[in-house]
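Fold and contact review
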Amino acid sequence: MIKLSTLLIASAVFSGSVFFSAPVKANDQLAISICEYIAADDKNRLRDKLKSSRVKIRNIYDAVQCNGLNLLRHAIASNAADAGEYVVKNLSKSSLEDGADIAWAESNGHAGSALIPVIKDRAGL
């Protein structure tokens with residue numbers, strides 16, 4: 001009887017560890033794909049990936065970093081106008097109101113980015 005309970009506990013622990021580690025890998029792959037699509041300025045594939053994953057940009061915006069930058073700054077640095085505009089339009093206005101992304105762009109040599117007027121328009125700046 002002791003062997004059966006030990007076997008059940010061991011299999012439960014093993015099953016739990018397998019199910020626990022799988023979503024982390026899926027989330028990492030999703031973040032990598034999002035960063036790659038933004039860098040390639042591929043708005044359609046970005047939109048399709050988010051839709052198939054049932055994820056909204058505004059829900060992952062603070063969590064996903066691409067090369068140490070948030071999604072919008074990554075789009076500005078990559079000159080990804082279409083994908084960046086898609087990101088801006090799917091963010092809440094309140095997340096853009098502080099102007100931090102505009103200040104970052106101007107201080108890092110991206111003052112001529114096509115995304116700055118889009119951000120200003122969306123945020124009402």
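To keep things clear, this report deals only with the structure shown in the data block. (Residues numbered from 1 in each chain as written. Predicted model: local features only at pLDDT ≥ 70, side-chain atom pairs only at ≥ 80, totals over all residues. Heavy atoms only, no water.)

Structural notes on the environment of Ser53
Mapping Ser53 onto the fold places it in helix 2 (residues 43-53). What makes Ser53 partly exposed here is its relative accessible area of 29%. Expressed as a C-alpha distance, the spacing of Ser53 and Leu30, which sit 23 residues apart in the sequence, is 8.0 Å. (Helix = DSSP H or I, 4+ residues; strand = E, 2+ residues; numbered from the N terminus. Buried < 20%, exposed > 50% of the residue type's maximum accessible area, 1.4 Å probe, protein only.)

Digging into the state of the cysteines
All told, the structure shown has 1 disulfide when counted by the stated rule. Disulfide pairing is shown between Cys35 and Cys66; the S-S distance is 1.9 Å. Of note, the bridge from Cys35 to Cys66 carries an S-S torsion of about -80 degrees and is left-handed in sense. With a gap of 31 residues between them, Cys35 in helix 1 (residues 2-39) and Cys66 in the loop between helix 3 (57-60) and helix 4 (71-77) connect regions that are remote in the sequence. The class of Cys66 is buried, set by a relative accessible area of 2%. (Disulfide = S-S within 2.5 Å.)

Observations concerning the pattern of salt bridges
This model, assessed by the stated rule, comprises 2 salt bridges. Linking Asp101 and Arg73 is a salt bridge whose minimum nitrogen-to-oxygen distance equals 2.8 Å. Of this pair, Asp101 sits in helix 6 (residues 100-107) while Arg73 sits in helix 4, placing them 28 residues apart in sequence. Notably, a salt bridge pairs Glu85 with Lys89, separated by 2.9 Å at the nearest N-O pair. Taken as a pair, Glu85 and Lys89 lie in helix 5 (residues 81-89) at a separation of 4 residues, close to a single helical turn. Assessed through its relative accessible area of 28%, Glu85 is described here as partly exposed. Given a relative accessible area of 52%, Lys89 falls into the exposed group. (Salt bridge = Lys/Arg side-chain N within 4 Å of Asp/Glu carboxyl O.)

Focus on unusual backbone geometry
Even without being glycine, Arg54 reaches a positive phi, approximately 55 degrees. Assignment of secondary structure puts Arg54 in the loop between helix 2 and helix 3. At Asn67, a residue that is not glycine, the phi angle is positive and equals roughly 55 degrees. Position of Asn67 relative to the elements: it lies in the loop between helix 3 and helix 4.

So, the nonpolar core
Counting residues in hydrophobic clusters, the biggest one holds 31 residues, and the most contacted among them are Ile34, Ile38, Leu46, Leu71 and Val87. The set of elements that each furnish at least two residues to this core consists of helix 1, helix 2, helix 3, helix 4, helix 5, helix 6 and helix 7 (115-123). Sorting elements by how many residues they give to this core places helix 1 first, with 5 residues. When sequence neighbours within four positions are dropped, the list of residues in contact with Leu46 reads Ile34, Tyr37, Ile38, Ala83, Tyr86 and Val87. (Core = buried A, V, L, I, M, F, W, Y, C linked by side-chain atoms within 4.5 Å. Contact = heavy atoms within 4.5 Å.)

Section: helix 6
Among the residues of helix 6, those classed as buried are Asp101, Ile102, Trp104 and Ala105. Looking down the long axis of helix 6, one finds its buried residues gathered within 160 degrees of arc, a one-sided arrangement. Positioned one or two residues after helix 6, Gly109 has a phi angle of 80 degrees, which is positive. (Arc of directions from axis to C-beta.)

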